[in-house]
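Chains, contacts and geometry: an overview
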Amino acid sequence: MSTAVSPLAPPDVPEMPVIAGVRLATAAAGIRYKGRTDVLLALMDKGTTVAGVFTKSKCPSAPVEWCRAKLKGGSARALVVNSGNANAFTGKTGKASTALTAQIASKAVGCSTSDVFLASTGVIGEPLDATKFDGVLAQLAETATPDLWMDAAKAIMTTDTFPKVATATVKLGKAKVTINGMAKGAGMIMPDMATMLSFIFTDAPLSAGVLQSLLKAGVEDTFNALTIDGDTSTSDTLLAFATGAAAANGAPKISRASDPRLKAFTKAFQQILADLSEQVARDGEGARKLVEVVVEGATTKPSARKIAMSIANSPLVKTAIAGEDANWGRVVMAVGKAGEPANRDKLSISFNGIRVARSGARDPSYNEKEVSEAMKAPKIQIKVALGLGKAKDRVLTCDLTKEYVAINGDYRS
């Protein structure tokens, strides 16, 4: 965890309200870091439903496999998250660690191990000593309170420079319901489901199936449209929990994803995911620029997404942004290598609203001084118009600086 906060960190941090049916506690278990919290325990009341999406990596962590297996039950009572050790590529030892952690948690909470969900983040390939949770989780279960959202977000950080939280209050029927979310992630990020770790909580009375539908649809244009460095983690986990406590205040129980009463909630839910995913982009390791890549005029949306990702993941494009250089030649390169329909002579490229190239050549009105000044902004938009169709898409990323190399070169040191 860095001591220097990213210059792209949001200026305002929301006050996180209480979610009825959720209590939180954190501790320092000495997993890897010294002198900082590294374990989060979230307790949920009986009746809480759960949904999740996970990494599509063929080398998933032991906690990811644990959660996938338990998700079928659709209910949750506890979430245990540790930072400092990903418990990934740890073989039979990793599976034993997840089982032991769940046993310790279930005893502390008074629930079945099938209602315990786990997530780990940190170094890959090092065994996780689950005995360090013994005693710690029992103490956390006794001291957990509903208002420790910022402490919880800090406990799951690794190379993050600031805790990432978001909240929304919306009507469901005639009752107010609340959605709180937290996330961690700064490197090894090009999700194919979510981010490294993210957790959403609500008091809305939603079935597990409804929650799963909201989550699967919600990540597509948020966390799945995000890349820091093009590397998908072994540990990517996004879990959502619905306590249903708002039913006591008149919120209707929702059992169908098509229920029209979900409209406002769905919008707020997606906004939470969008907010958190942008915060991850803002905290990319060593980042100094938030970058939005927009591709329009594509033949299909999937084609636009692939081209946008090609641009966003190009080290040459990202280093040019870091150097405040509107190098459209590198953007052309990234478009061309994507393997999607494109016509060089129809391409137009803009940086922060200033068109630098059109019809396959430099724009006649190009002004180096004007563009150079625009590239000094903390947020850069690269827009590519393909001129082939009506489909468009956008992804978020950041620049690539020397600090990224320093952070990852020293990661295990």
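Residues numbered from 1 in each chain as written. Predicted model: local features only at pLDDT ≥ 70, side-chain atom pairs only at ≥ 80, totals over all residues. Heavy atoms only, no water.

**A short note on the pairing of strand β15 (residues 391–398)**
By the criterion of burial, β15 is predominantly enclosed, with 6 of the 8 residues buried. Strand direction decides the pairing type here: strand β10 (residues 290–298) and β15, joined by 7 bridges, are antiparallel. When the sheet's bridge partners are listed, valine 293 is paired in β15 with valine 395. (Buried < 20%, exposed > 50% of the residue type's maximum accessible area, 1.4 Å probe, protein only. Helix = DSSP H or I, 4+ residues; strand = E, 2+ residues; numbered from the N terminus. Pairing = 2+ DSSP bridges.)

**Structural notes on the domain arrangement of the protein**
Taken as a whole, the protein is organised into domain 1 (22–283) and domain 2 (290–410). The straight-line distance from the C-alpha centre of domain 1 to that of domain 2 is 33 Å. Of the residues lining the interface, 14 residues belong to domain 1; the matching set on domain 2 comes to 15 residues. Buried area between domain 1 and domain 2, summed over both chains or domains, comes out near 1,200 Å², and the portion from carbon and sulfur atoms is 53%. One can count 3 salt bridges joining domain 1 with domain 2. Notably, a salt bridge pairs lysine 301 with aspartate 221, separated by 2.9 Å at the nearest N-O pair. Here domain 1 and domain 2 share 11 residue pairs in polar contact (both at pLDDT 80 or more) between them. Residues belonging to the side of domain 1 that touches domain 2 are distributed by class as follows: 5 nonpolar, 4 polar and 5 charged. (Domains from an automatic or database assignment. Contact = heavy atoms within 4.5 Å. Buried area = accessible area lost by both parts, 1.4 Å probe. Salt bridge = Lys/Arg side-chain N within 4 Å of Asp/Glu carboxyl O. Polar contact = N/O pair within 3.5 Å; in protein donor to acceptor, adjacent residues only side chain to side chain. Nonpolar A, V, L, I, M, F, W, Y, C, P; charged D, E, K, R; others polar.)

**Points about the state of the cysteines**
With the rule as written, the count across this model stands at 0 disulfides. Cysteine 111 carries a free sulfur, and the closest cysteine sulfur to it, the one in cysteine 67, is 13 Å from it. (Disulfide = S-S within 2.5 Å.)

**Examining the nonpolar core**
Among the nonpolar cores identified, the biggest contains 54 residues, and Leu79, Met182, Phe199 and Phe201 are the most heavily contacted of them. For this core, the leading source of residues is strand β2 (residues 39–44), giving 6 residues. With near-sequence residues (within four places) excluded, phenylalanine 201 lies in contact with Ile19, Val22, Ala42, Met44, Leu79, Trp149, Thr178, Ile179, Asn180, Met182 and Phe241. Counting residues in hydrophobic clusters, the runner-up holds 43 residues, among them Ala183, Met196, Leu226 and Ala281. (Core = buried A, V, L, I, M, F, W, Y, C linked by side-chain atoms within 4.5 Å.)

**Details of the pairing of strand β14 (residues 379–385)**
Side-chain alternation along β14 places Ile380, Ile382 and Val384 on a buried face and Lys379, Gln381, Lys383 and Ala385 on a face that remains uncovered. For β10 and β14, the ladder comprises 7 bridges, and the chain directions are parallel. Counted as the bridge partner of leucine 290 is lysine 379 from β14. The pairing of strand β11 (residues 348–351) with β14 spans 4 bridges and is antiparallel.

**Section: the packing of aromatic side chains**
Here a ring pair, both rings aromatic, is described through the centre-centre distance and the interplanar angle of the planes. Per the stated rule, a full pass over the model turns up 5 aromatic pairs. Taken together, a centroid distance of 6.4 Å and an interplanar angle of 75 degrees make the contact between phenylalanine 117 and phenylalanine 241 edge-to-face. You can see phenylalanine 117 sitting in strand β5 (residues 116–123) and its partner phenylalanine 241 sitting in strand β9 (residues 237–242), a full 124 residues away along the chain. Classification of phenylalanine 117 by relative accessible area gives buried; the value is 0%. With a centroid separation of 5.3 Å and an interplanar angle of 70 degrees, the aromatic rings of tryptophan 149 and phenylalanine 201 are classed as edge-to-face. Taken together, the residues span a long stretch of sequence, with tryptophan 149 in helix α4 (residues 149–155) and phenylalanine 201 in strand β8 (residues 197–202) at a distance of 52 residues. Under the relative-accessibility criterion, phenylalanine 201 is labelled buried at 1%. (Phe/Tyr/Trp six-rings, centres within 6.5 Å; stacked < 30°, edge-to-face > 60°.)

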